[in-house]
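Inside the fold
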2 protein chains.
Amino acid sequence: MNLRIGIVGATGIVGMELLSLLEERKISVAALRLFASEKSTGKRVYFSGQTFPVEKLEMGKLENFDYLFFCAGTSVSREFIPAAAASGICCIDNSSAFRGYDDVPLVIPEINPHALLGHKNIIANPNCSTIIALMAIFPLHQMFGLRRFCAATYQAVSGVGCSGMRALEEEIADSHSLAEKIFGERILSNAIPKIGDFSPNGYTSEEVKMLNESRKILSLPDLRVSATCVRIPVKRVHSIAAIVEFHEPFDMRLGEQILQQNNSIDFFQHNEFPCPLRRENMDNVAVGRLRSDTFLDNAVSLWIVGDQVRKGAALNALQIMEKLELLRLPKILRQGPETASGR
Amino acid sequence: MNLRIGIVGATGIVGMELLSLLEERKISVAALRLFASEKSTGKRVYFSGQTFPVEKLEMGKLENFDYLFFCAGTSVSREFIPAAAASGICCIDNSSAFRGYDDVPLVIPEINPHALLGHKNIIANPNCSTIIALMAIFPLHQMFGLRRFCAATYQAVSGVGCSGMRALEEEIADSHSLAEKIFGERILSNAIPKIGDFSPNGYTSEEVKMLNESRKILSLPDLRVSATCVRIPVKRVHSIAAIVEFHEPFDMRLGEQILQQNNSIDFFQHNEFPCPLRRENMDNVAVGRLRSDTFLDNAVSLWIVGDQVRKGAALNALQIMEKLELLRLPKILRQGPETASGR
């Protein structure tokens, strides 16, 4: 890998995390350009021993890239991605703009990397809560066959970006707050059961995403999902209380083993449990509180915790790029030397 | 009513709320005595224009009362209630000590006041989350027939008493904290999925209470309930995301009407929703986010919010006393003058 990378929304919370992950994961970056809205242009951002200017995003600048990460809003993605993709740049979009399109893969690399095959230079990064929930549910689905699930979320303020973090910090510091502007309500000592906009069926857009995106990622078009998505005064880690029902009888011992052996999951046994405050800046999703559900048969109740800025956004986007790079390698290399030597 | 009342745990969060509710609801108090643990004895507490001493609780002092409210822990209830009840004092117990006993009514006055008939001087006040959840679920059950429900709670720190409130305030003020002592974890910017102790089946005692107490209050011994109870950094109001399944097809219009016309419920229509911070010190439980559930048939998803210290504890206990007083009145008075005059 020696990649020419651009980040759109580089001064936002996901853009900044992406930058630090590029370093942390030792991605070999041949060229880097950073874009943001006008109010950030002119700033310089540190990366890997140098500083880079933040540029105003303009169509003419989107050339000579291997990958463009879009970490701004849906409108920016809609405006710039189609042309960039048509010019041959692979665009990994963190917004919801293209997630529903049939010819746009919606990918969690641990779950449906095959969806990347034959992509048309637009890859959608899923919704944060959906990624975190499915990371725990998918390995169980492989064994027991997912029938349906419900989820109540405990979502961090980082979900709305830096301004959400600032709003919470301000309220903690002096109880004056920009929270009402950002969330419509104060956030400290509160729980706001509305993330996104209301749909006609009463679910919010965030709740609808969990239904639609789970169906697409898992290739289960009739999957039933119901979510209640709630913003709580937590900084950057989402938690989810889920009940997952399977076609097959759920075996607790086996379920625990499956989660424990999964490299992308930190599994908490028995009387241990993950809390969001202890999971900041961690790549793995944490799962605990496994119990045979007392409400549905063949179902498990569980508690899932993940850093929304990492696996819920920047890390998953970067893993998509890593997976695409792997797919680009000649087959003989991808299989590794042992297979290549004829074993 | 001209009642001789004693409050055990009078300096705790529920005891203090009870005192202010006695004034607010204009209960005619003929005599009042306040009891607490040794560290509070000697204090004086203001009530209705006078101050009252806080006394150390001793068996010999528990006489000449009509009602004793127990707002201390289960061990205090276990030690003092049986003798007090045997001596003819009606004991209303806020602890879980006697909730499971067959001959102890477990009462939410709006739901099962009939359970008070033939009581043996011990009445149990249910768990706070159970009260708040059932206040919303019961009127729907009457129309559609409850089959089962699941609930994810967002519980306030007041649930553990004054020390919980203080722990949150301390963390907000200077980030030093007694939270780890109280909750086992820091509470600011956190969500702790453990309230009470773990049972062998993996549910916590708080979660098991919602199952067992719902069965008893609703007289539905086979009811299936599954809960995930989570402490979040909110002061004194609990929120609950519930999915409620019925035997009959759920009709949204009718369901909305039923909740709207219920005097003990503040119903939030369509795109309005209740948040805990705005529901402090309110008697009514608030219900919103009603939507036909996308996970189960004949089911509704809803968001329930109630002041844990009021309806979740002190108010419900006081309403039990008010209901008992009503039951003591001669029948002719209870029916009101119109019926008494022969109409």
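These numbers come from a predicted model, not from an experiment.

For the rest of this paragraph, the subject is the interface of chain A and chain B. In many reports, interface size means the accessible area that the parts give up when they come together. Taken together, the 54 residues of chain A in the interface contact 53 residues of chain B. Across the chain A/chain B interface, buried area totals approximately 4800 Å², and carbon plus sulfur atoms make up 59% of it. Across the pair R224 of chain A and D297 of chain B runs a salt bridge, and its minimum N-O distance is 3.1 Å. The interface formed by chain A and chain B includes 34 residue pairs in polar contact (both at pLDDT 80 or more). At the level of elements, β8 (146–155), β9 (224–231), β10 (237–246), β12 (285–292) and β13 (299–307) of chain A are the ones that each hand at least two residues to the side of chain A that touches chain B. Looking at side-chain class alone, the side of chain A that touches chain B contains 27 nonpolar, 13 polar and 14 charged residues.

Moving on, we get to the sheet that holds strand β4 (residues 50–56) of chain B. Residue and element names in this part refer to chain B. Read from one edge of the open sheet, seven strands run β3-β4-β2-β1-β5-β6-β7, paired in mixed fashion. Lying at the two open borders of the sheet, with one neighbouring strand each, are β3 (44–47) and β7 (122–124). Between one strand axis and the next, the sheet turns through 25 degrees on average, direction left out of account. Pairing of β3 with β4 involves four bridges; the strand directions are antiparallel. When the sheet's bridge partners are listed, R44 is paired in β4 with P53. Across the face of the sheet, helix α1 (residues 13–24) comes into contact with β1 (3–8), β2 (29–36), β3 and β5 (67–70) while running at roughly 160 degrees to β1. With respect to the sheet, helix α8 (residues 310–328) is in contact with β1, β5, β6 (90–93) and β7, its orientation differing from that of β5 by roughly 160 degrees.

Attention shifts here to the relation of the copies chain A and chain B. For these two chains of identical sequence, chain A goes onto chain B by a turn of 180 degrees and a shift of 0.0 Å along the axis, with RMSD 0.0 Å. Look at the turn and shift together and you get a two-fold axis relating the two. Ranked by how close their C-alpha atoms come to the rotation axis, the residues of chain A are headed by I172 of chain A, at 2.8 Å. Taken as a fraction of all interface residues of chain A, those also at the interface in chain B reach 98%, which identifies the copy contact as same-surface.

Counting residues in hydrophobic clusters, the biggest one holds 94 residues, and the most contacted among them are F69 of chain A together with F69 of chain B. In contact with F69 of chain B, other than residues within four places in its own chain, are I5, G6, I7, V8, L18, I92, A317, L318 and M321 of chain B.

Residue and element names in this part refer to chain B. One open sheet holds the six strands; their spatial order is β9-β8-β10-β13-β12-β11, and the pairing between them is mixed. Looking at which strands have only one partner, the edges of the open sheet turn out to be β9 (224–231) and β11 (265–267). Put simply, the sheet's adjacent strands are angled 20 degrees from each other on average, direction ignored. Across five bridges, strand β12 (residues 285–292) lies against strand β13 (residues 299–307) in antiparallel orientation. Opposite V287, over in β13, you have I304 as the bridge partner.

With that settled, consider the packing of helix α3 (residues 128–144) of chain B against helix α6 (residues 205–218) of chain B. Residues and elements named next belong to chain B. For the pair α3 and α6, interaxial distance at closest approach is 10 Å and the crossing angle is 40 degrees. Here α6 runs oblique to α3, going by the angle between their axes. By crossing handedness, the relation of α3 to α6 is classed as right-handed. Packed against α3, whose contacting residues are C128, S129, T130, A133, L134, F138 and H141, the element α6 presents E206, K209, M210, E213, S214, I217 and L218 at the interface. Split by residue class, the contact of α3 with α6 holds seven nonpolar, four polar and three charged.

Here we come to the pairing of strand β6 (residues 90–93) of chain A. Residue and element names in this part refer to chain A. Taking every second residue as pointing to the same face, both faces of β6 are buried, with C90 and I92 on one and C91 and D93 on the other. Sheet topology places strand β5 (residues 67–70) next to β6; four bridges connect them, and they run parallel. Directly across from F70, in β6, lies its bridge partner D93. Between β5 and its parallel partner β6, the chain crosses via helix α2 (residues 74–86), and the hand of that crossover is right-handed. Bridge analysis of β6 against strand β7 (residues 122–124) gives three bridges, and the strand direction is parallel. Of the residues in β7, the one forming a bridge with D93 is A124.

How each quantity is defined
Residues numbered from 1 in each chain as written. Chains lettered and ligands numbered in written order. Predicted model: local features only at pLDDT ≥ 70, side-chain atom pairs only at ≥ 80, totals over all residues. Heavy atoms only, no water. Contact = heavy atoms within 4.5 Å. Buried area = accessible area lost by both parts, 1.4 Å probe. Salt bridge = Lys/Arg side-chain N within 4 Å of Asp/Glu carboxyl O. Polar contact = N/O pair within 3.5 Å; in protein donor to acceptor, adjacent residues only side chain to side chain. Helix = DSSP H or I, 4+ residues; strand = E, 2+ residues; numbered from the N terminus. Nonpolar A, V, L, I, M, F, W, Y, C, P; charged D, E, K, R; others polar. Pairing = 2+ DSSP bridges. Axes fitted to C-alpha atoms, helices over the stretch in contact; angles between N-to-C directions. Least-squares fit on C-alpha atoms with pLDDT ≥ 70 in both. Core = buried A, V, L, I, M, F, W, Y, C linked by side-chain atoms within 4.5 Å. Buried < 20%, exposed > 50% of the residue type's maximum accessible area, 1.4 Å probe, protein only. Parallel < 35°, antiparallel > 145°, perpendicular 65-115°, else oblique. Left-handed = near helix turned anticlockwise from the far one by under 90°. Right-handed = clockwise from strand over helix to strand, strands pointing away.

These results come straight from atomic positions and should not be treated as a statement about function.
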